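Examining the three-dimensional arrangement
Here is how the chains run, residue by residue.
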Amino acid sequence: MSEQDLSAYASMWTTERDQWELHRFDDTYLPIMKGDPPMASLICDDELADVVVTRMLAAGVAVVTSE
């Protein structure tokens, strides 16, 4: 995974970190931008999605557990 691939998503765990939350569904996390309406960010590359979520978790982005 190159830093260039991640650069498009870096704001999710850096400068815009407070605008995002991770919704947890079983073993999966879905990045959601807070707002009205909230907006999901779908990342079609599984490896890239895993890295983005890992960085978001490490940066302390809030996790919302769905029941």
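See the structure printed just above.
Read on for a plain summary of the structure. (Residues numbered from 1 in each chain as written. Predicted model: local features only at pLDDT ≥ 70, side-chain atom pairs only at ≥ 80, totals over all residues. Heavy atoms only, no water.)

1. Some details on the overall build of the protein
Regarding its fold elements, the protein presents two helices and four strands. Expected size for 67 residues packed as a compact globule is a radius of gyration near 11 Å; at 11 Å, the protein falls within 12% of this value. Projected onto its principal axes, the C-alpha coordinates of the protein cover approximately 35 × 25 × 20 Å. Counting only residues that meet the buried cut, the protein has 25% of its 67 residues in that class. Within the protein, contacts between residues separated by at least 24 positions form 54% of all contacts whose residues are at least 6 apart in sequence. Counting 4 positive and 13 negative side-chain charges, the protein places the centres of these two groups 9 Å from one another. (Helix = DSSP H or I, 4+ residues; strand = E, 2+ residues; numbered from the N terminus. Rg over C-alpha atoms; globule rule 2.2 N^0.38 Å. Buried < 20%, exposed > 50% of the residue type's maximum accessible area, 1.4 Å probe, protein only. Contact = heavy atoms within 4.5 Å. Lys, Arg positive; Asp, Glu negative; His and termini not counted. Charge placed at Lys NZ, Arg CZ, Asp CG, Glu CD.)

2. Focus: the layout of surface pockets
Empty space within the largest pocket amounts to approximately 250 Å³. For the largest pocket, the lining is made up of 13 residues, of which Thr28, Tyr29, Ala49, Asp50 and Val53 are closest to its centre. Take the lining of the largest pocket: its biggest share by element is five residues, from helix 2 (residues 46–58). Of the residues belonging to the lining of the largest pocket, the class tally is seven nonpolar, three polar and three charged. (1 Å grid on protein atoms, 1.4 Å probe; cavity = no way out; pocket = protein on both sides within 12 Å on 5 of 7 lines; lining within 4 Å. Points joined across faces, edges and corners; volume = space filled by probe spheres on them. Nonpolar A, V, L, I, M, F, W, Y, C, P; charged D, E, K, R; others polar.)

3. Description of the environment of Glu21
If you trace the backbone, Glu21 turns up in strand 1 (residues 20–25). The class for Glu21 is buried, based on a relative accessible area of 18%. Linking Glu21 and Ile32, residues 11 residues apart in sequence, is a C-alpha distance of 5.4 Å. One polar contact links Glu21 to His23, side chain to side chain, over a distance of 2.9 Å. (Polar contact = N/O pair within 3.5 Å; in protein donor to acceptor, adjacent residues only side chain to side chain.)

4. Regarding the sheet that holds strand 3 (residues 39–40)
Pairing within the open sheet is mixed, and its four strands lie in the order 3-2-1-4. Both edges of this open sheet fall to strand 3 and strand 4 (62–65), since each of them pairs with a single strand only. Sheet topology places strand 1 next to strand 4; four bridges connect them, and they run parallel. For Glu21, the partnering residue across the bridge sits in strand 4 and is Ala62. (Pairing = 2+ DSSP bridges.)

5. Looking at the pairing of strand 1
In the sheet, strand 1 pairs with strand 2 (residues 28–33) via six bridges, with the strands oriented antiparallel. Opposite Arg24, over in strand 2, you have Tyr29 as the bridge partner. Remark: two residues form the turn of the hairpin made by strand 1 and strand 2, two consecutive strands paired antiparallel; Asp26 in that turn has positive phi of roughly 55°.

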